[in-house]
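# Survey of secondary and tertiary structure
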Amino acid sequence: MVGEKLDGSALLVDEKLLHFMDQLELLEEKRVALNSLIEQGWLSISKARYSMGNKQVSALQYASEIEPLVCVHARTLDNGEVDFFTKKVEQSCSNETEKDTSSVEDIGPQEEGVRRRIKPKSDKTNKDACEEERSEKTPEVTPVRQKEHSPQQDPLKWFGILVPQSLKQAQSSFKQVIELSAEIATLQTAMLKTRQELVDSMKNKQALQEKIPAAQSDQTVE
Amino acid sequence: MAGRGKLIAVIGDEDTCTGFLLGGIGELNKNRKPNFLVVEKDTSITEIEETFKSFLARNDIGIILINQFIAEMIRHAIDAHMQSIPAVLEIPSKEHPYDASKDSILRRAKGMFSAEDFR
């Protein structure tokens with residue numbers, strides 16, 4: 001009975017180990033791809049710097065308002081693994097943030113209608129009539145906000161309008177790196193999960209192995 | 001899951017940060033706090049560590065990318081982080097190629113066959 005359990009446990013350990021090794025191999029492959037893409041990106045940045053000038057491609061060129069164009073979604077799966085995947089931020093999201101910022105930053109009068117003017121006290125009747133009119137008509141000037149729907153700015157524009165092709169290549173390399181890094185993050189968490197499962201099943205197997213001599217000695221006594 | 005998702009943070013040298021920001025991961029939030037740190041020669045380890053910890057504490061960050069040579073400076077802080085979100089990824093830098101034997105995650109995986117795991 002214990003022997004059968006031990007066989008089952010040994011098979012499980014083998015299975016988990018193979019799975020773990022597969023994940024490790026995949027991680028290695030993705031790492032190599034990531035490293036070469038980053039290197040390509042740096043090379044392109046260096047080329048752009050060479051053609052634009054040393055200080056034209058630096059941290060000083062970053063915009064004062066930066067909004068993300070890519071976001072990562074983390075989804076926890078049933079087995080406890082976390083799945084990361086990147087997604088482009090849609091325009092609606094940026095509008096929301098714009099709304100937020102405008103609500104914070106708007107200062108000063110928001111009315112755009114004509115304000116009341118003081119009338120000369122020429123004749124009372126006229127004035128009364130005017131007041132009546134006002135009370136009836138007085139329009140509550142509704143504040144009209146003109147929102148500036150500026151599109152999300154492409155980070156390439158921080159470095160100029162006509163940027164060299166190499167900077168565009170750098171951008172595309174780093175975009176790929178971002179996607180790949182989400183995949184690697186998923187793989188890393190999966191690998192750590194598998195590792196934990198493997199350690200648990202190895203402990204289980206060891207506990208069963210310790211039971212075997214005890215069971216055998218019981219049988220010899222009988 | 002709802003909403004716009006999480007951000008990718010970067011701690012790295014100028015070119016690494018520039019590259020990732022070109023890729024569109026940069027953000028300056030309402031408090032003008034960026035999700036990136038450009039590490040210069042004169043950036044102190046304390047500053048790097050504090051930034052890393054602040055990124056860990058932010059719940060809008062999903063992945064932290066860090067140059068491996070910078071990760072080496074704050075290795076204890078990286079090793080202490082055991083949660084899966086945010087995930088910490090070590091990446092190479094221009095002067096320092098990626099060394100798998102230094103990677104926190106791979107070292108954890110390597111430790112699988114050590115005697116400590118069975119205690």
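Residues numbered from 1 in each chain as written. Chains lettered and ligands numbered in written order. Predicted model: local features only at pLDDT ≥ 70, side-chain atom pairs only at ≥ 80, totals over all residues. Heavy atoms only, no water.

Where an unreviewed UniProt entry is consulted, chain B appears under the name V-type proton ATPase subunit F, with the organism given as Pundamilia nyererei. The Subunit (unreviewed entry) field of the UniProt record for chain B holds the comment "V-ATPase is a heteromultimeric enzyme made up of two complexes: the ATP-hydrolytic V1 complex and the proton translocation V0 complex." As its UniProt record puts it under Sequence similarities (unreviewed entry), chain B is described as follows: "Belongs to the V-ATPase F subunit family." (UniProt positions renumbered as here; feature names shortened; annotations may be inferred.)

An unreviewed UniProt entry lists chain A under the name Vacuolar ATPase assembly protein VMA22, with Xyrichtys novacula as the source organism. The record held by UniProt for chain A lists under Subunit (unreviewed entry) the comment "Accessory component of the multisubunit proton-transporting vacuolar (V)-ATPase protein pump."

## Details of the interface of chain A and chain B
Interface size is commonly expressed as the accessible area that is lost once the parts come together. Counting residues at the interface gives 61 residues for chain A, matched by 50 residues for chain B. With both chains or domains summed, chain A and chain B bury close to 4,800 Å², and 71% of this area falls on carbon and sulfur atoms. Taken together, the connections running from chain A to chain B amount to three salt bridges. Notably, a salt bridge pairs Asp103(B) with Arg31(A), separated by 3.2 Å at the nearest N-O pair. Counting every contact that joins chain A to chain B gives 14 residue pairs in polar contact (both at pLDDT 80 or more). At the level of elements, helix 1 (2-52), strand 1 (70-76), strand 2 (82-88), helix 2 (91-105) and helix 4 (165-221) of chain A are the ones that each hand at least two residues to the side of chain A that touches chain B. If one sorts the elements of the side of chain A that touches chain B by residue count, helix 4 of chain A sits on top with 21 residues. Looking at the side of chain A that touches chain B residue by residue, the class counts come to 41 nonpolar, 12 polar and eight charged. (Contact = heavy atoms within 4.5 Å. Buried area = accessible area lost by both parts, 1.4 Å probe. Salt bridge = Lys/Arg side-chain N within 4 Å of Asp/Glu carboxyl O. Polar contact = N/O pair within 3.5 Å; in protein donor to acceptor, adjacent residues only side chain to side chain. Helix = DSSP H or I, 4+ residues; strand = E, 2+ residues; numbered from the N terminus. Nonpolar A, V, L, I, M, F, W, Y, C, P; charged D, E, K, R; others polar.)

## Here's the deal with the packing of aromatic side chains
Considering all chains together, one arrives at four aromatic pairs over all chains under this definition. With a centroid separation of 6.3 Å and an interplanar angle of 45 degrees, the aromatic rings of Trp158(A) and Phe159(A) are classed as tilted. Judged by its relative accessible area of 12%, Trp158(A) falls in the buried class. Owing to a relative accessible area of 6%, Phe159(A) belongs among the buried residues under this scheme. Considering the side-chain rings of Phe174(A) and Phe20(B), the 5.1 Å spacing of their centres and the 70 degrees angle between planes classify their relative orientation as edge-to-face. (Phe/Tyr/Trp six-rings, centres within 6.5 Å; stacked < 30°, edge-to-face > 60°. Buried < 20%, exposed > 50% of the residue type's maximum accessible area, 1.4 Å probe, protein only.)

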